[in-house]
Amino acid sequence: MSVGKVSDTDFEAEVLKAQGPVVVDFWAEWCGPCRMIAPALDEIAGAMGDKVKIVKLNVDESPKTASKYGVMSIPTLMIFKGGEMASRQVGAAPKAKLQQWITAAV
């Protein structure tokens, strides 16, 4: 499974109403650390397959959702389960740490 994209318009359908856990990467085009963790998230999405869905939300294009969840700095990663935010991680982290965080939460 690859990393998908969500926006203000489809956030509820894609994330809050998803069957399993969803990792949301709040990011922006101009954010260096966001681009740094993107390949790691792609690899984790591929490795974990159907166990977790990973999506990116561009905070410049979808400011409503970012503000609703209090995203102050990016990258901010959140894990949603059953329509609720279950875990949050702010800032870039190495792939191993990201994978460990996601695995522990799902």
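Residues numbered from 1 in each chain as written. Predicted model: local features only at pLDDT ≥ 70, side-chain atom pairs only at ≥ 80, totals over all residues. Heavy atoms only, no water.

With an unreviewed UniProt entry as reference, the protein is termed Thioredoxin, source organism Bradyrhizobium erythrophlei. As its UniProt record puts it under Sequence similarities (unreviewed entry), the protein is described as follows: "Belongs to the thioredoxin family." (UniProt positions renumbered as here; feature names shortened; annotations may be inferred.)

J.: Outline helix 2 (residues 32-48), listing residues and values.
T.: In this model, helix 2 (17 residues) spans 25 Å end to end at C-alpha, consistent with the 24 Å of a helix rising 1.5 Å per residue. Approximately 30° is the largest bend angle found in helix 2, and it occurs at alanine 38, with the proline proline 39 only one to four residues beyond. For helix 2, the set of buried residues is Cys34, Ile37, Ala38, Ala40, Leu41, Ile44, Ala45 and Met48. Buried residues belonging to helix 2 abut strand 2 (22-27), strand 3 (53-58), strand 4 (76-81) and helix 4 (95-105). Backbone geometry just after helix 2 places glycine 49 at a positive phi near 55°. (Helix = DSSP H or I, 4+ residues; strand = E, 2+ residues; numbered from the N terminus. Expected span 1.5 Å × (residues − 1). Bend = angle between axes of the 7 residues up to and from the residue. Buried < 20%, exposed > 50% of the residue type's maximum accessible area, 1.4 Å probe, protein only. Contact = heavy atoms within 4.5 Å.)

J.: How would you summarise the UniProt feature "active site" (unreviewed entry) in the protein if you had to cite specific residues and measurements?
T.: Under the feature "active site" (unreviewed entry), the UniProt entry names Cys31 and Cys34. Tracing the backbone through its elements, the reader meets cysteine 31 in the loop between strand 2 and helix 2. By relative accessible area, cysteine 31 is classed as buried at 3%. When residues no more than four places from it in sequence are discounted, the contact partners of cysteine 31 are Ile74 and Pro75. One can find cysteine 34 in helix 2. Discounting residues that sit within four places of it in the chain, cysteine 34 has contacts with Trp27, Ala28, Ile74 and Pro75.

J.: Account for the UniProt feature "site: Deprotonates C-terminal active site Cys" (unreviewed entry) in the protein, naming residues and giving values.
T.: Under the UniProt annotation, "site: Deprotonates C-terminal active site Cys" (unreviewed entry) lies at Asp25. Note on placement: aspartate 25 falls in strand 2. The class for aspartate 25 is buried, based on a relative accessible area of 0%. Leaving out residues up to four positions away in the same chain, aspartate 25 has contacts with Ile37, Leu41, Val55, Lys56, Leu57, Pro75, Thr76 and Leu77.

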